[in-house]
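# Notes for the structure review
What follows is the residue order along each chain.
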Amino acid sequence: MLKQATAVLLLSGAPVCGQSEKNPNSFIYQPPVVQKVIFDDSVMLEQERHSYATNLATYAANLVSSKMASKESLASARRILALAFHLERRNKQAVVVNFQLREGVMPEVKKGDYNPRTFARLLMTRAKLLLKSNDDNESERLLARCFIELAAHIDPRNEDAVFEYENQRIDSGELDWRILTDAGRDKPSRDRVTDDPPD
């Protein structure tokens, strides 16, 4: 009787040890391509880049979880994780979150070093320091633009961040995030922007 029941179970195609059915609530995530890192010690020291990369990855994971992996949150996470990878290519949190999203796994909500409002202020402060640098460093200016845009979207009530973000859009147009998300592919045209700004 036991053998017959086992045979029926196997023939019915029911999942057995180590097998699982595909989650019907799974989502599609396109991971960033980062073959060449843009930011190095000439922009920020290694420990500082590690800290920002970790907190950016944590924010991205929490954003996707809180928005139930909406299309917009996944697009934002892709850009944020790309930035994290450019700050620290092998950042553990960024690698893990990127893998989970690629596999259609909802990341667990984690507590970062800062709440979103504080993190936005920190990004703004660091962006201002990067812009005050006397060096004509294109990487510093690019990182400052990224930080300002993220700060404005992370905390839209931060008037300084929103004001600076809108000013940089007026002066330079929308930031082309493909510079970060598709680093290593053919250089994208700066005249055409396809990525929407992050949430």
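Residues numbered from 1 in each chain as written. Predicted model: local features only at pLDDT ≥ 70, side-chain atom pairs only at ≥ 80, totals over all residues. Heavy atoms only, no water.

## What to know about the confidence of the model for the protein
- On average, residues of the protein score 84 in pLDDT, and 79% of them are at 70 or above.
- By mean pLDDT, the top-scoring element of the protein is helix α3 (residues 71–87) (98), and the lowest-scoring one is helix α1 (residues 2–11) (42).
- In the predicted structure, residues 2–24 sits below a pLDDT of 50 and forms four contacts with residues beyond four places in sequence or in another chain.
- A low-confidence stretch, residues 188–194 stays under pLDDT 50, and its non-local contacts, those more than four residues away or across chains, total 15 contacts. (pLDDT = per-residue confidence, 0-100. Helix = DSSP H or I, 4+ residues; strand = E, 2+ residues; numbered from the N terminus. Contact = heavy atoms within 4.5 Å.)

## A look at helix α6 (residues 138–154)
- Between its first and last C-alpha atoms α6 spans 24 Å; for 17 residues at 1.5 Å apiece the expected length is 24 Å, and the two agree.
- Counting buried residues in α6 gives 14 out of 17 residues, a clear majority hidden from the surface.
- For α6, the side-chain oxygen to backbone nitrogen distance between the N-cap and Ser 139 is 2.9 Å, and the N-cap itself is Asn 137. (Expected span 1.5 Å × (residues − 1). Buried < 20%, exposed > 50% of the residue type's maximum accessible area, 1.4 Å probe, protein only. Polar contact = N/O pair within 3.5 Å; in protein donor to acceptor, adjacent residues only side chain to side chain.)

## What about the pattern of salt bridges?
- As enumerated under the stated definition, the model contains seven salt bridges in all.
- Among the salt bridges present, the one from Arg 78 reaches Asp 182, with a minimum N-O distance of 3.3 Å. Here Arg 78, found in helix α3, pairs with Asp 182, found in strand β2 (residues 182–183); they are 104 residues apart in sequence, far enough to count as distant. Like Arg 78, the residue Asp 182 is buried in the burial classification. (Salt bridge = Lys/Arg side-chain N within 4 Å of Asp/Glu carboxyl O.)

## Considerations on the nonpolar core
- Ranked by internal contacts, the top residues of the largest apolar core, which has 50 residues, are Leu 83, Leu 87, Leu 101, Leu 143 and Phe 147.
- Of all the elements in the fold, those that place two or more residues in this core are α2 (46–66), α3, α4 (92–102), α5 (116–132), α6, α7 (159–172) and α8 (178–181).
- Looking at this core element by element, the count peaks at 10 residues for α6.
- Beyond its immediate stretch of four places on either side in the chain, Leu 83 contacts Phe 39, Leu 56, Leu 143, Cys 146, Phe 147, Leu 150, Trp 177 and Leu 180. (Core = buried A, V, L, I, M, F, W, Y, C linked by side-chain atoms within 4.5 Å.)

## Brief notes about the environment of Ala 94
- Mapping Ala 94 onto the fold places it in helix α4.
- Residue class for Ala 94 comes out buried when judged on its relative accessible area of 0%.
- When the C-alpha atoms of Ala 94 and Leu 81 are compared, they prove to be 6.1 Å apart, with 13 residues separating the residues in sequence.
- Not counting the four nearest positions on each side in its chain, Ala 94 is found in contact with Ala 57, Leu 81, Ala 84 and Phe 85.

## Thoughts on the packing of aromatic side chains
- All chains considered together, the criterion is met by two aromatic pairs.
- A ring pair is formed by Tyr 114 and Phe 119, whose centres lie 6.2 Å apart and whose planes are at 0°; its orientation type is stacked.
- Residue Tyr 114 is classed as partly exposed on the basis of its relative accessible area, which comes to 34%.
- The exposure class of Phe 119 is buried, given its relative accessible area of 3%.
- Here the basic side chain of Arg 89 rests over the ring of Phe 85, its NZ or CZ set 4.8 Å away from the ring centre. (Phe/Tyr/Trp six-rings, centres within 6.5 Å; stacked < 30°, edge-to-face > 60°. Lys NZ or Arg CZ within 6 Å of the ring centre and 35° of its normal.)

## Focus on the side chain of Arg 145
- Note that Arg 145 resides in helix α6.
- Look at Arg 145: it is buried, it has no salt bridge, and the nearest opposite charge is Glu 149 at 5.7 Å.
- If sequence neighbours within four positions are ignored, Arg 145 has contacts with Gln 168, Ser 172, Gly 173, Glu 174 and Leu 175. (Lys, Arg positive; Asp, Glu negative; His and termini not counted.)

## So, unusual backbone geometry
- A positive phi angle, close to 55°, is found at Met 68, a residue other than glycine.
- Mapped onto the fold, Met 68 is located in the loop between α2 and α3.
- On the accessibility criterion, Met 68 (61% relative accessible area) is exposed.
- One non-glycine residue, Ala 69, adopts positive backbone phi at about 55°.
- Tracing the chain through its elements places Ala 69 in the loop between α2 and α3.
- You can call Ala 69 buried: its relative accessible area is 12%.

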